[in-house]
Amino acid sequence: MKAFIIGLLTLLIVFLGIWKTQKAVGEQGRYEPVLLLHGFLGGERSYKTLMERFEENGQGYKAAVCRVNERGVVSCEHKYHFQQKTDQFPFVQVIFEDDHASISKQGKWVQKVVKKLKESEKMESYHLVGHSMGGLAAIKYLEETKDKNVKSLTTIGTPVGGLDIDELAINYPKTESNRMSEGAKDLQYHSEAITKLQKEATKLKELRIPILSVAGNVKHKGGDGSVLTESAFTLEHYVPNIKKKEFPLLHSALHESSAVDKVLYTFLKDSEKDDRS
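Note that this is a predicted model, so its numbers are computed, not measured.

### Digging into helix α2 (residues 48-56)
Listing the buried residues of α2 in full gives Leu50, Met51, Arg53 and Phe54. Buried residues of α2, viewed axially, fall in a sector of 160 degrees; they line one side. Trailing α2 by a residue or two, Gly58 shows a phi angle of about 70 degrees, which is positive.

See the structure below:
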């Protein structure tokens, strides 16, 4: 009888161990949403192929599209509810109708998108990914809100140190007709917006958010053709322990690369486990 009871207790302990392991795996398999912020003059096509590649690899899916009009009104279309698919990141594509607005405006619009998603999807934690100016909008948002619910920040070809608008116009002809826009003025070296963004960047250090900075460095260009590598990595001067990754890619190819996808996916997964202790 004693041996039977001991055997039963042993089985119970083993069962509880397995149950706890499965429960933990299940909880970890529910990844937090990723907000994708496009760059200067970006829009509907931005991140389209990135999301398709993640979906093909079973790593993510397009869960929603949130549009912000020129008045700052947010409307979201949901394809899937967050947490609907296990072991995959739900992507939220954020589209600014005013694609050449100031960094300040875009930062405020990110706030409204987050508020909307918290109301409609009960979103708590989330990741921010910004290509080019989208990264500046994400940084501005964090500086203004100090939101501790952000799991990670990824900047891709983001000119934290500014850029040369003439260089940008060579690669993006549409820039010429938008040269006098608020966004174009903000992006340039030593602009008031860039200077202020850098000055307040130390606020990110207080949040202790995992940060990945991706930069392009094409031979003989010193950068991705639009943003110098040094500018894309400027955030490291204000926030410690930033992960940096460099690729031999042009500006527009950075978020169209499977190599960048791989680094981003690994970083997002690692950030899910981060406890900031």
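### Concerning the packing of helix α3 (residues 103-121) against helix α4 (residues 133-145)
With their axes 8 Å apart at the nearest point, α3 and α4 run at an angle of 70 degrees to one another. On the basis of the axis angle, α3 is roughly perpendicular to α4. Two packed elements cross with a definite hand, and for α3 against α4 that hand is right-handed. Here Ile103, Ser104, Gln106, Gly107, Val110, Gln111 and Val114 of α3 come into contact with α4, specifically with Met133, Leu136, Ala137, Lys140, Tyr141, Glu144 and Thr145. Within the contact of α3 with α4, the residues separate by chemical class into seven nonpolar, five polar and two charged.

### Focus on the environment of Val65
Along the chain, Val65 turns up in strand β2 (residues 60-68). Residues Val65 and Ser75 lie 10 residues apart in sequence; the distance between their C-alpha atoms is 8.3 Å. Contact partners of Val65, with chain neighbours within four places excluded, come to Ser75, Cys76, Glu77, Gln93 and Ile95.

### Topic: the side chain of Ser152
With respect to the secondary-structure elements, Ser152 resides in strand β6 (residues 150-156). Of note is the side chain of Ser152, whose polar atom sits 2.7 Å from the side chain of His127. Contacts of Ser152, omitting those with residues within four sequence positions, involve Tyr126, His127, Leu128, Ile209, Pro210, Phe267, Leu268 and Ser271.

Definitions and cut-offs
Residues numbered from 1 in each chain as written. Predicted model: local features only at pLDDT ≥ 70, side-chain atom pairs only at ≥ 80, totals over all residues. Heavy atoms only, no water. Buried < 20%, exposed > 50% of the residue type's maximum accessible area, 1.4 Å probe, protein only. Helix = DSSP H or I, 4+ residues; strand = E, 2+ residues; numbered from the N terminus. Arc of directions from axis to C-beta. Axes fitted to C-alpha atoms, helices over the stretch in contact; angles between N-to-C directions. Parallel < 35°, antiparallel > 145°, perpendicular 65-115°, else oblique. Left-handed = near helix turned anticlockwise from the far one by under 90°. Contact = heavy atoms within 4.5 Å. Nonpolar A, V, L, I, M, F, W, Y, C, P; charged D, E, K, R; others polar. Polar contact = N/O pair within 3.5 Å; in protein donor to acceptor, adjacent residues only side chain to side chain.

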